[in-house]
Amino acid sequence: MSIQQIKKFSVIGISVRTTNENGQAGNDITALWNKFMSEDILEKIPNKIDNSIYCVYTDYEKDHTKPYTVILGCKVINPDNIPVGMVGKSIEGGKYEKYVAKGNILQGIVFDAWNKIWGLDIPRTYIADFEVYSETIKNLEDAEVDIFIDIK
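These figures come from a predicted structure and were not determined experimentally.

Concerning the layout of surface pockets
And then number 1: In this structure, the largest pocket spans a volume of roughly 1,000 Å³.
And then number 2: Put simply, the parts of the chain that give the lining of the largest pocket at least two residues each are helix H1 (24–38), strand S3 (53–58), helix H3 (109–118) and strand S7 (128–133).
And then number 3: Broken down by element, the residue count for the lining of the largest pocket peaks at nine residues, all from H1.
And then number 4: Tallied by class, the residues present in the lining of the largest pocket amount to 21 nonpolar, 10 polar and five charged.

Below, the structure is given as structure tokens:
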């Protein structure tokens, strides 16, 4: 865990509104990832900075126990040209606490990391949190995923 100052950035991708209640987010986020991969969304995003995939959690109704929006996409140079069926979002810069999930992505390392984060006493803003799946991840069984929590 480390504190980092993140500059404002924009993402374009696909989204879903979900909640952690009754395991709903697990189903919705899995379906979002399946759509992202099966419809080759990565290749359809204009003005990408690189091929790293961002999973942004935003528009929280209150905190992680209430509904929020998940956007799966890429960081872009310019969010003005949003394809039909996609969304764009600007993420304000600020102070973020960085965590790293290491291990087999297919065995739920990111979900396990979130379960730990939810149990910590972090002064969260609940404005926008995000994960970064670097384009350098080649081995899903030995991956590192950066998780950034927006803090006060």
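After that view of the structure, there is still more to cover.
What about the packing of aromatic side chains?
And then number 1: Summed over the entire model, instances satisfying the criterion amount to 13 aromatic pairs.
And then number 2: Among the aromatic residues, those joined into a cluster by ring pairs are Tyr 57, Tyr 60, Tyr 68, Phe 111, Trp 114, Trp 118 and Tyr 126.
And then number 3: Its end group placed over the ring of Phe 9, Lys 75 keeps NZ or CZ at 5.0 Å from the ring centre.

A word on H1
And then number 1: For H1, which comprises 15 residues, the first-to-last C-alpha distance of 21 Å matches the rise-based estimate of 21 Å (1.5 Å per residue) to within 8%.
And then number 2: Looking only at H1, the buried set comprises Ala 25, Asp 28, Ile 29, Leu 32, Trp 33 and Phe 36. Seen end-on, H1 carries its buried residues on one side only, within an arc spanning 135°. Exposed positions of H1 whose direction lies more than 90 degrees from the buried face are Asn 27, Met 37 and Ser 38.
And then number 3: At its buried positions, H1 is contacted by strand S2 (9–18), helix H2 (41–44), S3, strand S4 (68–76) and S7.
And then number 4: At the C-terminal side of H1, Asp 40 shows a positive phi close to 50°.

Calculation rules
- Residues numbered from 1 in each chain as written.
- Predicted model: local features only at pLDDT ≥ 70, side-chain atom pairs only at ≥ 80, totals over all residues.
- Heavy atoms only, no water.
- 1 Å grid on protein atoms, 1.4 Å probe; cavity = no way out; pocket = protein on both sides within 12 Å on 5 of 7 lines; lining within 4 Å.
- Points joined across faces, edges and corners; volume = space filled by probe spheres on them.
- Helix = DSSP H or I, 4+ residues; strand = E, 2+ residues; numbered from the N terminus.
- Nonpolar A, V, L, I, M, F, W, Y, C, P; charged D, E, K, R; others polar.
- Phe/Tyr/Trp six-rings, centres within 6.5 Å; stacked < 30°, edge-to-face > 60°.
- Lys NZ or Arg CZ within 6 Å of the ring centre and 35° of its normal.
- Expected span 1.5 Å × (residues − 1).
- Buried < 20%, exposed > 50% of the residue type's maximum accessible area, 1.4 Å probe, protein only.
- Arc of directions from axis to C-beta.
- Contact = heavy atoms within 4.5 Å.

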